[in-house]
Amino acid sequence: MNVYPLFFNHGGLVAGRGFLAHVRIQGRCLLEETDEAFVSFFGVNPGGVAGQGSTQDEARRDFLEHLRLVVFDFASEALSFEHFKELVEAFVAETNRPSEAQWLEAVAAVRAGEVDRSGYSRTLPAEQPSAAIVVRVRESSPAAIAPDMNQQDDMRVAACG
Amino acid sequence: MKVPRQVPLADVLAMLDACAPGHSRRASVHHVVVTWNGRTYPGLPLGKHGRRDQNDIGSSQVRSMVRHLEIPAECAAKHLPSMAQAFLGK
């Protein structure tokens, strides 16, 4: 069963009650090839979300979709932009500790050359999780909205050397 | 590892009742938000079309929730026997 420790980038514009926010999350997740034609993604930071599918692409889309919908849930519930920002930041900061332990084991396996990284050619140093886990929530006005807010989702293998 | 792709949400909620005593849960727009042991899992799907009676949800979400809330694996395996191998790592 192959397990990949990943960093991911995800973001976009979110509409709340009377506010518009630009959210960017750079977090950690774990890809597990659970069974034949069954792939799971487990959030590490944020720890409260997961995804699955028959292929890696399908599971990745499911994971990012659930992540996006959780943020939308926060936007529906938050009474203000500040409340929304607190909810998103707390969500990303809450680590799934068992998944984190597995993530760190997987980093060691990548470094030992035990994991095929094809399809995830770019890497980030795993020792920088505190720097690599980023959540930015900025309130936006229509005048401030610009194309540089458009962001492509990205995933990279965590390991270096 | 043999794991079912989907499990009935009703069975997952029954497992929570048995294995996470005192937990709280509420429905958000897209998910069931479960809080226990000082931790919150906001990503448990509601089921198709946002309905709890549209039963099945992805088993990976259940595994993730059990890990995140640190629900005892033996209890989760007992109440969701189809997922015992996933919870117990056997």
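Residues numbered from 1 in each chain as written. Chains lettered and ligands numbered in written order. Predicted model: local features only at pLDDT ≥ 70, side-chain atom pairs only at ≥ 80, totals over all residues. Heavy atoms only, no water.

This part is about the packing of aromatic side chains. Residues and elements named next belong to chain A. Summed over the entire model, instances satisfying the criterion amount to six aromatic pairs over all chains. Both rings, one in Phe19 and one in Phe81, keep their centres 5.9 Å apart while their planes meet at 75°; by these two values the pair is edge-to-face. Remark: Phe81 occurs in helix 2 (residues 81-93) and Phe19 occurs in the loop between strand 1 (3-15) and strand 2 (20-35); sequence separation between them is 62 residues. Residue classification places Phe19 among the buried positions, given a relative accessible area of 7%. Residue classification places Phe81 among the buried residues on the basis of a relative accessible area of 10%. (Phe/Tyr/Trp six-rings, centres within 6.5 Å; stacked < 30°, edge-to-face > 60°. Helix = DSSP H or I, 4+ residues; strand = E, 2+ residues; numbered from the N terminus. Buried < 20%, exposed > 50% of the residue type's maximum accessible area, 1.4 Å probe, protein only.)

On to the packing of helix 1 (residues 56-77) of chain A against helix 2 of chain A. To characterise two packed helices, one gives the angle between the axes of the helices and the distance between these axes. Residue and element names in this part refer to chain A. Interaxial distance between helix 1 and helix 2 falls to 9 Å at its minimum, and their mutual angle equals 150°. As helix 1 packs across helix 2, the resulting crossing turns out to be right-handed. Counted together, Leu67, Val70, Val71, Phe74, Ala75 and Glu77 of helix 1 and His83, Phe84, Leu87, Val88 and Phe91 of helix 2 form the full contact between these two elements. When grouped by side-chain class, the residues that make up the contact of helix 1 with helix 2 number nine nonpolar, one polar and one charged. (Axes fitted to C-alpha atoms, helices over the stretch in contact; angles between N-to-C directions. Left-handed = near helix turned anticlockwise from the far one by under 90°. Contact = heavy atoms within 4.5 Å. Nonpolar A, V, L, I, M, F, W, Y, C, P; charged D, E, K, R; others polar.)

So, about the pattern of salt bridges. Applying the stated rule across the entire model yields ten salt bridges over all chains. Of the charged contacts, one joins A:Glu100 and A:Arg28 as a salt bridge, the two residues approaching to 2.8 Å between their closest N and O atoms. On the criterion of sequence distance, the pair formed by A:Glu100 in helix 3 (residues 97-111) and A:Arg28 in strand 2 is long-range, its members being 72 residues apart. When its relative accessible area of 24% is taken as the criterion, A:Glu100 is described as partly exposed. By relative accessible area, which is 3% here, A:Arg28 ends up buried. In this structure, the salt-bridge partner of A:Asp35 is B:Arg5, at a minimum N-O distance of 3.8 Å. Remark: B:Arg5 occurs in the segment before strand 1 (6-8) and A:Asp35 occurs in strand 2; the pair is interchain, linking two chains. Taking relative accessible area as the criterion, B:Arg5 reaches 32% and is therefore assigned partly exposed. Through salt bridges that share partners, A:Asp35, B:Lys2 and B:Arg5 make up one connected network. (Salt bridge = Lys/Arg side-chain N within 4 Å of Asp/Glu carboxyl O.)

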